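For reference, the chains in residue letters:
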Amino acid sequence: MLRLRSTLLILVGVCVNCLDAFGESRSYEDRLTFRVYSPSVQQQLNNKTALLELRTQINKLHDAEFLKELALSNDNFGEQGSGLFADINNVSYTCREHWNRTIAGLLRSEFWAFKMLDASGKIGAGILEGHTKWMGSYDECFRIDRTLPGMPPSNSGFSTQFCGMRTKVTFGYIPLEIDFAACVPKACSPKDLTILYNDLLKRLPTQNPVRVYGTFCKEDQEIDSRAVVAIVILGIFAALMFVSTVYDLLIIQRQRHTAERTKSEILSEHTASVGEKSPLLISHEKKLAPKQDSVAERLLLAFSVYSNGKKILQVNHSAGTLTALNGIRFLSISWVVLGHTFAFITPVLSNSYVVLPDLIARWTFQAVANALVSVDSFFALSGLLLAYLTLKEMKKGQGKFRINWFMFYFHRFWRLTPAYMLLMMISICLSRYFGDGPLWPDQGIEVNYCKDTWWKNLLYINNLFNEQSCFGVSWYLANDMQFFLLSPLMLIPLYFYFPFGIVICFVWLLGSSITPGVVSRVLDLPPSSLGGGGTAQGRADYFNYYYIRPYCRMGPYIVGIIVGSFLYKTDCKVKINKYLNLLLWLVFATLAVVVLYGLRDPISFPEDALSRDVSALYNATHKIVWGACVCWVIFACATGNGGFINTLLSWSPFVPLARLSYCIYLSHAMVLFTYYDSQRSLIYLDDLNIIYVFLATLVLSVMVAFLASLSFEAPMMGLEKVIFKRDRRN
């Protein structure tokens, strides 16, 4: 275990750059990228010594009694009575006045001055286990003038601000930038504070003086033009939903209720007059024709919360539906949320040096460490459904091309884009107002407000570039859309000449296996984002050059197309011998276990790391193997060979939850970022804490997804049906 920790201690969120703790946005890639260093034993001892010495100096800097002693010592007296007072020449006038008032208040033991020091960051216990972000008390800093019961009056006479001071410490050969919080007068600029703190640090008795290299302060969040535009757009949607719902409840539903009641009364009267054994034929005069809503009414009703809510929450499904997909969808999106719950928490942990290596060494944790394949489950599902449904539509269609290929593409774009763009707008324009605190990024969730990258998301090409992406989880949507664009190259041969279509699919599958293998071999990539092989540069390249690239991710999608075409061809009627069925279940279950748990030793123990060639082989095949395992479950359940697994996955509550899976995927990262970035102190990670965080995140994500689906997804689908007269079953 000691050897393991020495290799993986400095991992991901060990405050390699703690500036993000005080107002800098972190990209999706930064939150997911694991950087692993291997310091020697002597370097580790030097690291600990450097941190302990830094703790001593910072704690003295914010210790009231020590500062009073320093201020009153003979060596520190100056023209104004103490060398701790600001020099009139080096900072702005107002800052100097408020700083000097703070020092004077400290010397007079005034309560508000002690509160300012109390709110400033101090290094506490657990520093050697990863407690390296010293954030102080954010809320106390803005309440220094609040008088507490039983305490003396508190009146500073000026406003305060919460700032971060950056200093540097060298861990072996790794330079770290570490920040500590300070509660200081608001009149002081970052430049003023850098000068004042460096002057103060010079007076501390130490052999290795610390310097502040930068200061950054939390600013008040004002409503900007982006937020105004977003609020107006959301207000329009809210107004449409309100008007539509009121009209639906007061007019449409009342008319339908009245018509149903009248019809029931007519049937009752007719039965009573002609006898129970007479055929239920109503005279022409009394026959009620259903009222057809106008186009304008149907356009308005597309935004009805009442009607859309009923559609989302209903558990019924049409005949021929692959019901097992509902359970797989929801369980897979829950797995994605679980993986991100662990991945995004690392920058706010107080015990990251110890808990991360311990978790990675657990066998049971491998399902979380390898949760990346949960996305491949969705690729496989998407390909399977696309092939199964499209081939059925082509069979019903007429003409040379069988279906309207323009609507084929438009429907997909319209299905994904409105909810995607609107939630991305919220993330870009409004997320900065979701919370506050020492960890809260001033720009919100998205880096630089996506000024230069948003258009790539709209065109679904954001996964083809290496710069920090906008709305990080959207890399999946770009891949899915690109696969969809290419799918007719396989679907058309499959429909017109099935054997040739299968050959074409396997050629595509071979290419989607060779390409990631070559990329992995050339770049010396690890088999996982956690390591297990490859070089340090390879680990840095893993996300941008492998994980999000379409030519490295298409394998499971093609497997889904192949299996979906077999379901279409057999009409979901395949009888498998029970012994062969059991054997197939064992084979695919074993393959799934190998994919999930096979990297435990290479990741945990450096001496067991995979070679360059083996890593390339793993990267070339494991996603395809996982896609095949998922598709086998669907195939077995759809053809009546799933047994109790089909019963479990077809559980009726999974139906509405599966409908929300798309919006859960789009919104869950915002839920996680809002919680983590709002923390006032670091989180101590243990099993119970992460269980609570995961379950709370999942429930909140479902709630947010339900609201997003009501507001954006369902109305847009309703508008498409009205405008293009699409049949409901499509």
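Residues numbered from 1 in each chain as written. Predicted model: local features only at pLDDT ≥ 70, side-chain atom pairs only at ≥ 80, totals over all residues. Heavy atoms only, no water.

**Looking at the overall build of the protein chain**
Definition in use: By the criteria applied, helices consist of DSSP H or I runs no shorter than four residues and strands consist of E runs no shorter than two, each listed in order from the N terminus. Working definition: with a 1.4 Å probe on protein chains only, accessible area under 20% of the residue-type maximum means buried, over 50% means exposed, and in between means partly exposed. In this description, contact between two residues means that some pair of their heavy atoms is separated by no more than 4.5 Å. Shrake-Rupley sampling with a 1.4 Å probe provides the accessible areas, and residues are treated as covered by the protein chains on show and by no other component.
Tallying secondary structure elements over the protein chain gives 30 helices and three strands in all. Per-residue burial for the protein chain yields a buried fraction of 54% across its 730 residues. Within the protein chain, counting contacts between residues at least 6 apart in sequence, those at least 24 apart form 78% of the total. Accessible area for the protein chain stands at about 33500 Å²; split by element, carbon and sulfur atoms hold 62% of it.

**Remarks on the packing of aromatic side chains**
Here the distance between the centres and the angle between the planes together describe a pair of aromatic rings. Inclusion rule: In summary, the pairing rule links any two rings of Phe, Tyr or Trp, Trp by its six-membered ring, whose centres are within 6.5 Å, and it sorts them by plane angle into stacked for under 30 degrees, edge-to-face for over 60 and tilted for everything else. Whether a charge sits over a ring comes down to the Lys NZ or Arg CZ being within 6 Å of the ring centre and within 35 degrees of the ring normal.
Across all of its chains, the model carries 39 aromatic pairs by this definition. For the pair Tyr420 and Phe471, a centre-to-centre distance of 6.1 Å together with 40° between the ring planes defines the contact as tilted. Here the residue Tyr420 occupies a position in helix H16 (residues 405-429), and Phe471 occupies one in the loop between helix H17 (454-458) and helix H18 (475-486), the gap between them amounting to 51 residues. We classify Tyr420 as buried; its relative accessible area is 0%. On the numbers, 5.6 Å between centres and 55° between planes, the contact of Tyr675 with Tyr676 is tilted. What makes Tyr675 partly exposed here is its relative accessible area of 38%. Through a chain of ring-to-ring contacts, the aromatic side chains of Phe378, Phe379, Trp475, Tyr476, Phe483, Tyr542, Phe543, Tyr546, Tyr547, Tyr557 and Tyr665 assemble into a single cluster. Seen from the ring of Phe465, Lys456 lies directly overhead, with NZ or CZ sitting 4.0 Å from the centre.

**Some thoughts on helix H13 (residues 352-361)**
The buried count for H13 comes to nine of 10 residues, which makes it a mostly enclosed element. Regarding H13, the residues found buried are Ser352, Tyr353, Val354, Val355, Leu356, Pro357, Leu359, Ile360 and Ala361.

**Overview of a nonpolar patch on the surface**
Definition in use: Nonpolar side chains (Val, Leu, Ile, Met, Phe, Trp, Tyr) are joined into patches within 5 Å and like charges within 9 Å, using only residues with over 30% relative accessible area and no salt bridge. Salt bridge criterion: a side-chain nitrogen from Lys or Arg within 4 Å of a carboxyl oxygen from Asp or Glu.
Taken together, Phe242, Val243, Val246, Leu249, Leu250, Ile251 and Tyr306 make up a surface patch of nonpolar side chains, about 600 Å² in accessible area. Among the elements that make up the nonpolar patch, the one with the highest residue count is helix H9 (residues 225-274) (six residues). One can find Val243 in helix H9. The partly exposed category is assigned to Val243, whose relative accessible area is 44%.

**Re the packing of H18 against helix H19 (residues 488-496)**
Basically, it comes down to this: Lines fitted to the C-alpha atoms define the axes, with helices restricted to the stretch that makes contact. Angles between their N-to-C directions range from 0 to 180 degrees. Any angle that falls under 35 degrees is termed roughly parallel, while one over 145 is termed roughly antiparallel, one within 65 to 115 roughly perpendicular, and all others oblique.
Relative to each other, H18 and H19 sit at 40°, their axes nearing to 5 Å. Overall, the two elements H18 and H19 adopt an arrangement that is oblique. Counting all contacts with H18, which are made through Phe484, Leu485 and Leu486, the residues of H19 involved are Pro488, Leu489 and Met490.

**Remarks on the packing of helix H12 (residues 324-345) against helix H29 (residues 661-677)**
When two helices pack together, their arrangement is given by the angle between the helix axes and by the axis-to-axis distance. The line we're drawing: If you view the pair so one helix is near and one far, a crossing is left-handed when the near helix is turned anticlockwise from the far one by less than a right angle, and right-handed when it is turned clockwise.
At their nearest, the axes of H12 and H29 sit 10 Å apart, and the two run at 20° to each other. On the basis of their axis angle, the class for H12 and H29 is roughly parallel. Seen along the crossing, H12 lies across H29 with a hand that is right-handed. The segment H12 lies against H29, with Arg329, Phe330, Ile333, Val336, Val337, His340, Thr341, Phe344 and Ile345 engaging Ser661, Ile664, Tyr665, His668, Ala669, Leu672, Phe673 and Tyr676.

**What to know about the side chain of Thr639**
Using the following cut-off: Throughout this description, a polar contact denotes any pair of N or O atoms lying within 3.5 Å of each other; where both atoms belong to protein, one of them has to be capable of donating a hydrogen while the other can accept it, and for residues adjacent in sequence the pair is counted only when both atoms sit in side chains.
You can see Thr639 is positioned in the loop between helix H26 (612-638) and helix H27 (644-649). Thr639 sits in the buried class, given a relative accessible area of 11%. Of note is the side chain of Thr639, whose polar atom sits 2.7 Å from the backbone oxygen of Phe635. Here the side chain of Thr639 touches Asn641 through a polar contact of 2.9 Å, side chain to side chain. Contact partners of Thr639, with chain neighbours within four places excluded, come to Leu567, Cys572, Lys573 and Val574.

**Brief notes about the confidence of the model for the protein chain**
So the rule is basically this: Values of pLDDT, ranging from 0 to 100, describe the predictor's confidence in every residue of the model.
Per-residue confidence for the protein chain gives a mean pLDDT of 84; residues scoring 70 or more make up 83%. Low pLDDT, under 50, characterises residues 74-81; the predicted model gives this stretch 16 contacts beyond four residues in sequence or across chains. Below pLDDT 50 for its whole length, residues 278-289 participates in 13 contacts with residues either more than four positions away or in separate chains.

**A short note on the side chain of Arg553**
Turning to its location among the elements, Arg553 is positioned in helix H22 (residues 550-553). Excluding its chain neighbours within four sequence positions, the residues that come into contact with Arg553 are Leu372, Val375, Asp376, Phe379, Trp475, Asn479, Phe483, Tyr546, Tyr547 and Lys623.

**A short note on the pattern of salt bridges**
Tallied over the full model, the rule gives 17 salt bridges. Two residues, Glu393 and Lys396, come together in a salt bridge whose shortest N-O distance is 3.9 Å. Here Glu393 and its partner Lys396 are both found in helix H15 (residues 373-396), three residues apart, which amounts to about one turn of the helix. Relative accessible area serves as the criterion here: at 52%, Lys396 is assigned to the exposed category. For Asp480, the salt bridge identified is with Arg412, shortest N-O distance 2.4 Å. In this pair, Asp480 sits in helix H18 while Arg412 sits in helix H16, placing the two residues 68 residues apart along the sequence. For the residue pair Asp480 and Arg412, the accessibility class agrees, reading buried in each case. Salt bridges sharing common partners tie together Asp139, Asp436 and Arg680.

**A short note on the state of the cysteines**
As a reminder of what qualifies: Cysteine sulfur atoms are paired as a disulfide whenever they fall within 2.5 Å.
Here the structure, examined in full by the defined rule, presents four disulfides. Linked covalently through their sulfurs, Cys95 and Cys188 form a disulfide whose S-S length is 2.0 Å. Residues Cys95 and Cys188 are joined by a disulfide whose S-S torsion is about 90°; by sign, that bridge is right-handed. Highlighted residues: Cys95 in helix H5 (residues 93-107) and Cys188 in the loop between strand S2 (174-185) and helix H8 (190-202), separated in sequence by 93 residues. On the accessibility criterion, Cys95 (0% relative accessible area) is buried. Through a disulfide, Cys163 is tied to Cys217; the S-S separation comes to 2.0 Å. Negative torsions about the S-S bond denote left-handed disulfides, and the value of about 100° found for Cys163 with Cys217 makes this one right-handed.

**Let's talk about unusual backbone geometry**
Despite not being glycine, Tyr449 has its phi angle at roughly 55°, a positive value. Assignment of secondary structure puts Tyr449 in the loop between H16 and H17. Not every positive phi belongs to a glycine, and Cys572 is a case in point at roughly 60°. Looking at where Cys572 falls in the secondary structure, it is placed in the loop between helix H23 (555-570) and helix H24 (578-597).

**Structural notes on H24**
Just so we agree on the cut-off: Expected helix span is taken as 1.5 Å per residue step, with the number of steps being one fewer than the number of residues. Our arc is simply the arc of the directions from the helix axis toward the C-beta atoms.
Its 20 residues place the ends of H24 28 Å apart at the C-alpha level, agreeing with the 28 Å of an ideal helix rising 1.5 Å per residue. When H24 is considered as a whole, its buried residues turn out to be Asn581, Trp585, Phe588, Ala592, Val595 and Leu596. Along H24, the residues classed as buried sweep out an arc of 95° about the axis, all on the same side. In this structure, H24 carries Tyr579, Leu582 and Leu586 as exposed residues pointing more than 90 degrees from its buried face. Buried positions along H24 lie against H12, helix H14 (366-369), H15, H26 and H27.

**Here's the deal with the environment of Pro488**
By secondary structure assignment, the location of Pro488 is in helix H19. We classify Pro488 as buried; its relative accessible area is 9%. Leave out the neighbours within four places in its chain, and Pro488 touches Trp405, Phe408, Tyr409 and Pro493.

**Details of the environment of Met135**
Tracing the sequence through the fold places Met135 in the loop between helix H6 (111-119) and helix H7 (138-141). Here Met135 falls in the buried class, since its relative accessible area comes to 4%. Between the C-alpha atoms of Met135 and Leu439, which are 304 residues apart in sequence, the distance is 8.4 Å.

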